[in-house]
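Take a look at the letters that make up each chain.
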Amino acid sequence: MRNKILAYAVGAVCLVASPSMQAINVYAAEAYSSNWVNEKADLSGTWYYYMNDGSLCTSAWVHDNGQWYLLDASGNMLTGVVKSNGGKYYLLDTVRGTGTYGKMLTNGSVYNGVTISASVNADDEGSLSADTIAQLRSGVNVDNVPNVENTKHVEGGVVVYANTPTPQQNPTQPSKDTPDPILPVSEDGGSGDLTDTSDEIEVEFNTSGPTYDFE
């Protein structure tokens, strides 16, 4: 499975015999770093990315050799349209043999005859315009697509941005060390109405200690 290919690997050459001539088809080498592996020797299978510590990278945007790639929860490289970054749409290349299969397509890229119009802003680069989404819809699924919000960012085999929500403690939830409250009650043991204007107020503590009368 782990058929590693370096970014500077030589392109694959395929010789095709015909009655009149030999055609030589040269396919671009996949320009991935050595962290990537393919499940098949001919590189036609699924790509996976391994962290520097040897663990399989999952649920991550991977920035590799200047391109962005996306991995699902099982570590599979995703292709096609996905939703992220507050409901914005991104297109991951589905065409093999380009040298960067699976990369996020950016503004000006051409995909199946459609010139991609996408954001060039640093915070949402590659997010597709409404016009591009409409053009892609005829041949690409753009409606029921994976939502990959809160996906970590990886570069160089390490996590550079966790991008996961941090659980917040409920400020109204008392800690286990919070003392029990002092409960005021009326003289006759009633509900403790604080509007009681009687001269004598009895304060009852919910402990086993004595009761004090204040005059």
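Note that the coordinates shown come from a computational prediction; the quantities given were computed from them, not determined experimentally.

**Points about the overall build of the protein chain**
In step 1: Helix and strand content of the protein chain: 1 helix and 16 strands.
In step 2: Per-residue burial over the protein chain gives 30% buried out of 215 residues.
In step 3: Put simply, 45% of the contacts in the protein chain that link residues at least 6 apart link residues at least 24 apart.
In step 4: Summing over all exposed atoms, the protein chain offers an accessible surface of approximately 13500 Å²; the carbon and sulfur share of this is 51%.

**Quick notes on the environment of aspartate 42**
In step 1: Position of aspartate 42 among the secondary structure elements: in the loop between strand 4 (36-38) and strand 5 (47-49).
In step 2: At 2.6 Å, the side chain of aspartate 42 forms a polar contact with the side chain of serine 44.

**Overview of the sheet that holds strand 12 (residues 152-155)**
Across a sheet, paired strands are connected by hydrogen bonds in the backbone, their directions being either parallel or antiparallel.
In step 1: Pairing within the open sheet is mixed, and its 4 strands lie in the order 7-6-12-13. Only two strands of the sheet have a single neighbouring strand rather than two, namely strand 7 (67-71) and strand 13 (158-161). Within the sheet, the average angular offset between the axes of one strand and its neighbour, ignoring direction, is 35 degrees.
In step 2: Where strand 6 (residues 60-64) lies against strand 7, 5 bridges are found, and the strand directions are antiparallel. In the strand pairing of strand 7, tryptophan 61 is matched with leucine 70.

**What about the packing of aromatic side chains?**
In step 1: Inspection of the entire model under this criterion finds 7 aromatic pairs.
In step 2: An angle of 40 degrees between the planes, with centres 5.3 Å apart, marks the rings of tyrosine 32 and tryptophan 36 as tilted. In this structure, tyrosine 32 and tryptophan 36 share a single accessibility class: buried.
In step 3: Judged by centre distance (5.4 Å) and plane angle (85 degrees), the ring pair of tyrosine 32 and tyrosine 69 falls under edge-to-face.

**Points about the side chain of aspartate 64**
In step 1: Relative to the helices and strands, aspartate 64 resides in strand 6.
In step 2: When neighbours within four sequence positions are excluded, aspartate 64 is seen to be in contact with Ala31, Tyr32, Ser33, Trp36, Tyr49 and Tyr69.

**Describing the nonpolar core**
In step 1: Ranked by internal contacts, the top residues of the largest apolar core, which has 14 residues, are Val81, Leu91, Tyr111, Ile116, Leu128 and Leu136.
In step 2: Setting aside anything within four residues of it in sequence, one finds leucine 91 in contact with Gly80, Val81, Lys103, Met104, Leu105, Tyr111, Ile116, Leu128 and Leu136.
In step 3: Of all hydrophobic cores here, the second largest spans 13 residues; its members include Trp47, Cys57, Leu71 and Met77.

**Focus on the pattern of salt bridges**
In step 1: All told, the structure shown has 3 salt bridges when counted by the stated rule.
In step 2: Where aspartate 93 meets lysine 103, a salt bridge forms, and the shortest distance between an N and an O atom there is 3.4 Å. Taken together, the residues span a long stretch of sequence, with aspartate 93 in the loop between strand 9 (88-92) and strand 10 (110-111) and lysine 103 in the loop between strand 9 and strand 10 at a distance of 10 residues.
In step 3: For lysine 103, a relative accessible area of 14% gives the class buried.
In step 4: Between aspartate 143 and arginine 137 there is a salt bridge whose closest N-O contact spans 2.9 Å.
In step 5: A relative accessible area of 41% means that arginine 137 is categorised as partly exposed.

**Notes on the pairing of strand 13**
In step 1: Relative to strand 13, strand 12 runs antiparallel, the two being bridged by 3 bridges. Paired with valine 154 across the two strands is valine 159, which belongs to strand 13.
In step 2: Linking strand 12 to strand 13, which pair antiparallel, is a turn of 2 residues; within it glycine 156 sits at a positive phi near 65 degrees.

**Side note on the confidence of the model for the protein chain**
In step 1: The pLDDT averaged across the protein chain works out to 76; a share of 62% of its residues lies at or above 70.
In step 2: Confidence drops under pLDDT 50 across residues 5-29; counting only partners more than four residues distant or on other chains, this segment forms 37 contacts.
In step 3: Contacts from residues 165-176, a stretch scored under 50 in pLDDT, to residues over four places away or in other chains number 1 contact.

Conventions and cut-offs
Residues numbered from 1 in each chain as written. Predicted model: local features only at pLDDT ≥ 70, side-chain atom pairs only at ≥ 80, totals over all residues. Heavy atoms only, no water. Helix = DSSP H or I, 4+ residues; strand = E, 2+ residues; numbered from the N terminus. Buried < 20%, exposed > 50% of the residue type's maximum accessible area, 1.4 Å probe, protein only. Contact = heavy atoms within 4.5 Å. Areas by Shrake-Rupley, 256 points an atom, 1.4 Å probe, with all protein chains shown as cover. Polar contact = N/O pair within 3.5 Å; in protein donor to acceptor, adjacent residues only side chain to side chain. Pairing = 2+ DSSP bridges. Axes fitted to C-alpha atoms, helices over the stretch in contact; angles between N-to-C directions. Phe/Tyr/Trp six-rings, centres within 6.5 Å; stacked < 30°, edge-to-face > 60°. Core = buried A, V, L, I, M, F, W, Y, C linked by side-chain atoms within 4.5 Å. Salt bridge = Lys/Arg side-chain N within 4 Å of Asp/Glu carboxyl O. pLDDT = per-residue confidence, 0-100.

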